[in-house]
Amino acid sequence: MEIVQIVGMGLVATILVVLLKEDKPEIALQISIVIGAIIFLLMIGKIISVVDVLKSLSQKASIDMIYMSAVLKIIGIAYIAEFGAQICRDAGSSSTASKIEFAAKIMILVLSLPILMAVLDLLIKILP
């Protein structure tokens, strides 16, 4: 029932933000950022559990940890960039949000190159 608590906090924060947005926009923004950070921190334990399971599976499947590490970094970049971009959008700065998303896409592309190269190398070895 943890999701019920998170949704409840989110709804309360949203109501406060809507009520304060006209008179105290700086406080409304702070509430939005704080609730986002709280939800993110509540999910860190879940994220760590997923990472541990993925590491265990990769060891059982004899997958090189370099590739698994890259995949985990890519997932982390995607989530963190989305979180940051949403905060920027909440603050009314969609142009900054777009730039964060652009930077994340470039970083993901760079991190995915070793995986892509390994797949291409495998294809070259398979094909005559």
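About the cut-offs
- Residue positions are counted from 1 within each chain, in the order its sequence is given.
- Totals for whole chains, interfaces and linings use all residues, but because this is a predicted model, local features are given only for residues with pLDDT of at least 70 and pairs of side-chain atoms are given and counted only at 80 or more.
- Only hydrogens and water are set aside when side-chain values are computed; all heavy atoms of the structure are taken into account.
- Comment: elements are numbered from the N terminus, with helices defined as DSSP H or I runs of at least four residues and strands as E runs of at least two.
- It is over C-alpha atoms that the radius of gyration is taken, and the globule rule equals 2.2 Å times the number of residues to the power 0.38.
- Summary of the burial criterion: residues with accessible area below 20% of their type's maximum are buried, those above 50% are exposed, and those between are partly exposed, where the area comes from a 1.4 Å probe applied to protein chains only.
- Whether two residues touch is decided by their heavy atoms; if any such pair falls within 4.5 Å, the residues are in contact.
- Every case where a carboxyl oxygen of Asp or Glu lies within 4 Å of a side-chain nitrogen of Lys or Arg is listed as a salt bridge.
- What a helix is expected to span follows from its residue count: subtract one and scale by 1.5 Å.
- Here the axes come from fitting lines to C-alpha atoms, over the contacting stretch only for helices, and the angles between their N-to-C directions go from 0 to 180 degrees.
- The scheme is simple: roughly parallel for angles under 35 degrees, roughly antiparallel for over 145, roughly perpendicular for 65 to 115, oblique for anything else.
- Under the scheme applied here, ten amino acids are nonpolar (Ala, Val, Leu, Ile, Met, Phe, Trp, Tyr, Cys and Pro), four are charged (Asp, Glu, Lys and Arg), and all others, including Gly, are polar.

1. So, the overall build of the protein
Counting secondary structure elements, the protein contains four helices and zero strands. Written out in order from the N terminus, the α and β elements of the protein read α-α-α-α. A globule of 128 residues ought to have a C-alpha radius of gyration of about 14 Å, yet the protein, at 20 Å, is considerably larger. With the C-alpha coordinates aligned to their principal axes, the bounding extent of the protein is approximately 70 × 35 × 15 Å. Buried residues in the protein amount to 15% of all 128 residues. Sequence separation of at least 24 residues holds for 52% of the intrachain contacts in the protein that already meet a minimum separation of 6.

2. Looking at the side chain of Ser 58
For Ser 58, the position within the fold is in helix α2 (residues 25-60). A residue is classified by how much of its surface remains accessible, and Ser 58, at 0% relative accessible area, is buried.

3. Quick look at unusual backbone geometry
The backbone phi angle of Ser 62 is positive, close to 55°, even though this residue is not glycine. You can see Ser 62 is positioned in the loop between α2 and α3 (65-90). Its relative accessible area of 66% is what places Ser 62 among the exposed residues.

4. As for the pattern of salt bridges
Inspection of the entire model under this criterion finds three salt bridges. For the salt bridge of Glu 2 with Lys 46, the shortest nitrogen-to-oxygen distance reads 3.1 Å. Highlighted residues: Glu 2 in helix α1 (residues 2-20) and Lys 46 in helix α2, separated in sequence by 44 residues. Its relative accessible area of 31% is what places Glu 2 among the partly exposed residues.

5. So, α2
Note on helix geometry: an α-helix contains 3.6 residues per turn, so any two residues three or four positions apart are oriented the same way. Taking 1.5 Å as the rise per residue, α2 with 36 residues should run 52 Å; its terminal C-alpha atoms sit 52 Å apart, in good agreement. On its buried face, α2 is in contact with α1 and α3. Of the residues flanking the end of α2, it is Ser 62, one or two places downstream, whose phi is positive at about 55°.

6. A look at the packing of α2 against α3
Closest axis-to-axis distance for the α2/α3 pair is 12 Å, and the angle between their directions is 170°. One way to sum up the angle between α2 and α3 is to call them roughly antiparallel. For the pair α2 and α3, contact is made by Leu 29, Ser 32, Ile 33, Gly 36, Ala 37, Phe 40, Val 51, Leu 54, Lys 55 and Ser 58 and by Met 65, Met 68, Leu 72, Ile 80, Phe 83, Ile 87 and Asp 90, respectively. Its residues placed into classes, the contact of α2 with α3 shows twelve nonpolar, three polar and two charged.

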